[in-house]
Amino acid sequence: MAWVEFAFPRCPECARSWAVSRHRDCPAGVGRDGSSGGLDIDPDRAQVRCTGCRRGWEVWETRFHCSCGHRFEAYEVEEAVREIIRVAALLARVLAQQAKDLAEIRSAGEASFRAWVGRFAEAVAGSLGAMAGRLVGTLLRAL
C-alpha cells in the first residue's frame, strides 16, 4: 500500500492537532523549513516511517509530543489513531485506483492514436498510389 502523511492526533491535554506529525529529535536533523522529518504511515501494515531519517516502527509504538509539552502514547489516543489509519487506507486506495484509471486512459489513448495513424498511413498510401498511377498514365498518354 502507499505511504501517506500521518496526521498528529488531537492532544488529550490541549486538544490541538496538526495535519502532519513530525519526528522529534530526528537523526537527520532539522530541514530548511525548520522542521524535522515528517511521519508517513502505511495503513495496511500499521507502520510509520520518518521522511527525514527513513527509520520505521509500528504505529502503536509511536509517542507524540505536543507543542504544549504533553507527551502521550498512541494507545492513549487509540480511537484517533485508528481513524487516521482508516482515512489513510481509504486515501491510499483512492490514489491507487486513480493511478490505475489514468494508466488505462493513457493506454486507451495510445491505442486510439496508433489506430488513427494506421488509418491515416493507409489513406496516404492509397492516395499516393492512385496519384502515382494517374501520373504514369498521363505520362504514357503524352508519349
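The paragraphs below set out a description of the structure included in this document. Per chain, the residues get numbers from 1 upward, laid out in the order the sequence is written. The predicted origin of the model limits local features to residues at a pLDDT of at least 70 and limits the giving and counting of side-chain atom pairs to 80 or more, whereas totals for whole chains, interfaces and linings rest on all residues. Note: side-chain values were computed over all heavy atoms of the structure, leaving out hydrogens and water.

## Concerning the packing of aromatic side chains
For any pair of aromatic rings, the description rests on two quantities: the centre-to-centre distance and the angle between the ring planes.
Okay, step 1: The aromatic pairing rule takes the rings of Phe, Tyr and Trp, using the six-membered ring of Trp, and pairs them if the centres are within 6.5 Å, calling planes under 30 degrees apart stacked, those over 60 edge-to-face and the rest tilted. All told, the structure shown has five aromatic pairs when counted by the stated rule.
Okay, step 2: Ring centres of F8 and W18 lie 4.4 Å apart, and the angle between their planes is 70 degrees; this geometry places the pair in the edge-to-face category. In this pair, F8 sits in the loop between β1 (4-5) and β2 (39-42) while W18 sits in the loop between β1 and β2, placing the two residues 10 residues apart along the sequence.
Okay, step 3: Judged by centre distance (5.6 Å) and plane angle (90 degrees), the ring pair of F8 and F64 falls under edge-to-face. Of this pair, F8 sits in the loop between β1 and β2 while F64 sits in strand β5 (residues 63-65), and the two are 56 residues apart along the sequence.
Okay, step 4: Residue exposure (1.4 Å probe, protein chains only): buried if accessible area is under 20% of the type maximum, exposed if over 50%, otherwise partly exposed. Since its relative accessible area comes to 2%, F64 is described here as buried.
Okay, step 5: Grouping aromatic residues by their ring pairs yields a cluster made of F6, F8, W18, F64 and F72. Put simply, DSSP marks the helices as runs of H or I at least four residues long and the strands as runs of E at least two long, and each gets a number from the N terminus on.

## Quick word on the pattern of salt bridges
Okay, step 1: Salt bridges are counted wherever a side-chain nitrogen of Lys or Arg sits within 4 Å of a carboxyl oxygen of Asp or Glu. Applying the stated criterion to the full structure yields five salt bridges.
Okay, step 2: R49 serves as the salt-bridge partner of D40, at 3.6 Å between the closest nitrogen and oxygen.
Okay, step 3: What makes D40 buried here is its relative accessible area of 11%.
Okay, step 4: A relative accessible area of 24% places R49 in the partly exposed class.
Okay, step 5: In this structure, R45 and D42 form a salt bridge, with 3.0 Å as the shortest nitrogen-oxygen distance.
Okay, step 6: The network of salt bridges with shared partners includes R63, R71 and E73.

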